[in-house]
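Analysis of the macromolecular model
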Amino acid sequence: MTQVHCLPAPRLRAAMSELVRGFGSETREVEQVVENLVEANLTGHDSHGVGMLPRYADAWLEGGLRPNAHVAIRTDGGAMLALDGQAGFGQVIGHETMRLAIERAQRHGSCIVALANAHHLGRIGAWAEMAVAEGLVALHLVNVISRPIVAPWGGGAARFGTNPFTLGIPVPGGEPIVLDFATSVVAQGKTRVAHNKGEALAPGRLLDDRGRPTTDPKYGVEEPLGALLTFGEYKGFGLALACELLGGALAAGMAVHGPADGSRRVLNGMLTIVFDPNRLADVSVFAREAQACLDWVRSAPPQPGFERVRLAGEPERECRAARLAHGIPLDATTWKELLAAAQKLGRSPSELNRLAGI
């Protein structure tokens, strides 16, 4: 187990803002990128938090990430949009995409958006949360154009990415349901987090470079690389394939169909459906039935080892409250990688340490 720094969120934001300025980002972009990444850490999704910045730095230096790019509308059909992310920061492109989708759904009742060519969109749940905050339902199917890291069901080698699926449902009078997961058993970034912490993965999550089961996370991070498994065996594989075909081949015009090219950039395609539930049903009936259902589900007695039944979105809200109160843990290896990224970007590692209080 490596040393762990525990940083208050404001200090981490300050340090990461200093780093992101090294991309040449405008002030608003710095704020959006840092807020999104720190929020991922706050909600417990360290795989999609500030630890991604070293890879972003490599992608930018290679020319695969374009700072200060904005979403472009390729096709405008009113309630249907096709957008180009222009390889811009996904934290900016995702936000701009959702602002368009929300406005169109409020105007037309629903909106289908095909987004292509966005650099890493981060935690997809953040985009569903924007919709549910406006009382809208959001559905996202996402593909990943990068090194293939997930094996198909029955296969012994990687053929596609972790292909996230996300669903946000507003609950009148209650907290929203935000279901957000990689179609692999765990996100690829979680192998990086485990590797940096010196921890093993649980069995049934990863294959080594010869297609054999392993718990060593290095096979998700270092050569020779292995492959993650899909969740739920053939079910997760089927959903991953749907994300590849709809988020990739359809929405982005770019699906995975070959080995990695060695580049560090991560591109996402995303098919998003946003709609107003109040246009489909009596809001009072929906509120009554939804609350009755959730109360019934929560009333199930817990299994051994569980405190109670938790619904999608609850663990993130609980983690956020705890980390706001007690700080965000970052292992020493990840911090060292962040300092190295800062140096690559022409920023002072000692200034990052000062701002973080390390």
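The coordinates are above.
This is a predicted model, so every value here is computed, not measured.

1. Remarks on the overall build of the protein
Of regular secondary structure, the protein possesses 11 helices and 12 strands. Here the C-alpha atoms of the protein give a radius of gyration of 20 Å, agreeing with the 21 Å that 2.2 N^0.38 yields for 358 residues. If you line up the protein on its principal axes, its C-alpha atoms span 55 × 50 × 45 Å. Looking at the protein as a whole, 51% of its 358 residues are labelled buried. For the protein, the exposed area adds up to about 15800 Å²; of that, 56% sits on carbon and sulfur atoms. Distance from the positive charge centre (35 side chains) to the negative charge centre (37 side chains) of the protein: 2 Å.

2. Comments concerning empty space enclosed by the protein
Per the counting criterion, the structure on display carries one cavity of 30 Å³ or more. Space inside the largest cavity adds up to approximately 70 Å³. Partitioned by chemical class, the residues of the lining of the largest cavity number three nonpolar, three polar and four charged.

3. What to know about the pattern of salt bridges
In the structure shown here, the tally under the stated rule is 25 salt bridges. One salt bridge connects arginine 13 with glutamate 35, and the closest N-O pair in it is separated by 3.0 Å. In this pair, arginine 13 is assigned in helix H1 (residues 9-20) and glutamate 35 in helix H2 (residues 27-42), connecting sequence segments 22 residues apart. Of the residues examined, glutamate 35 reaches a relative accessible area of 34% and is grouped as partly exposed. Put simply, glutamate 318 and arginine 308 hold a salt bridge, and the shortest N to O gap is 2.5 Å.

4. Thoughts on the packing of aromatic side chains
Across all of its chains, the model carries six aromatic pairs by this definition. When the ring of phenylalanine 160 is compared with that of phenylalanine 237, the centres are 6.1 Å apart and the planes differ by 15 degrees; the resulting orientation is stacked. One end of the pair, phenylalanine 160, is in the loop between strand E5 (137-145) and strand E6 (165-169); the other, phenylalanine 237, is in helix H7 (residues 234-250), and 77 residues separate them in sequence. Looking at phenylalanine 160, the relative accessible area reads 6%, which means it is buried. Relative to phenylalanine 181, the ring of phenylalanine 165 has its centre 5.6 Å away and its plane inclined at 35 degrees; by these criteria the two rings are tilted. With phenylalanine 165 in strand E6 and phenylalanine 181 in strand E7 (residues 177-181), the pair connects residues that are 16 residues apart, well separated along the chain. Overall, phenylalanine 165 belongs to the buried group, its relative accessible area being 13%. Among the aromatic side chains, those forming a connected cluster through ring pairs are Phe23, Tyr56, Trp60 and Phe89.

5. Observations concerning a nonpolar patch on the surface
A cluster of nonpolar side chains, namely Leu241, Leu245, Leu246 and Leu250, defines an oily patch on the protein surface of about 360 Å² accessible area. What makes leucine 241 partly exposed here is its relative accessible area of 38%.

6. A look at the sheet that holds strand E8 (residues 206-207)
Strand order across the open sheet formed by three strands is E9-E8-E10, with antiparallel pairing between neighbours. Each end of this open sheet is capped by a strand with a single partner; those strands are strand E9 (213-214) and strand E10 (227-228). Across two bridges, E8 lies against E10 in antiparallel orientation. By the bridge assignment, leucine 206 is partnered in E10 with leucine 228.

7. Some thoughts on unusual backbone geometry
The omega angle of the peptide bond from glutamate 223 to proline 224 is -5 degrees, so this bond is cis rather than trans. Relative to the helices and strands, proline 224 is located in the loop between E9 and E10. Unlike most non-glycine residues, glutamine 86 shows phi in positive territory, near 55 degrees. Structurally, glutamine 86 is set in the loop between strand E3 (80-84) and helix H4 (90-108). Here glutamine 86 falls in the partly exposed class, since its relative accessible area comes to 28%.

About the cut-offs
- Residues numbered from 1 in each chain as written.
- Predicted model: local features only at pLDDT ≥ 70, side-chain atom pairs only at ≥ 80, totals over all residues.
- Heavy atoms only, no water.
- Helix = DSSP H or I, 4+ residues; strand = E, 2+ residues; numbered from the N terminus.
- Rg over C-alpha atoms; globule rule 2.2 N^0.38 Å.
- Buried < 20%, exposed > 50% of the residue type's maximum accessible area, 1.4 Å probe, protein only.
- Areas by Shrake-Rupley, 256 points an atom, 1.4 Å probe, with all protein chains shown as cover.
- Lys, Arg positive; Asp, Glu negative; His and termini not counted.
- Charge placed at Lys NZ, Arg CZ, Asp CG, Glu CD.
- 1 Å grid on protein atoms, 1.4 Å probe; cavity = no way out; pocket = protein on both sides within 12 Å on 5 of 7 lines; lining within 4 Å.
- Points joined across faces, edges and corners; volume = space filled by probe spheres on them.
- Nonpolar A, V, L, I, M, F, W, Y, C, P; charged D, E, K, R; others polar.
- Salt bridge = Lys/Arg side-chain N within 4 Å of Asp/Glu carboxyl O.
- Phe/Tyr/Trp six-rings, centres within 6.5 Å; stacked < 30°, edge-to-face > 60°.
- Patch = residues over 30% accessible without salt bridge, like charges linked within 9 Å, V, L, I, M, F, W, Y side chains within 5 Å.
- Pairing = 2+ DSSP bridges.

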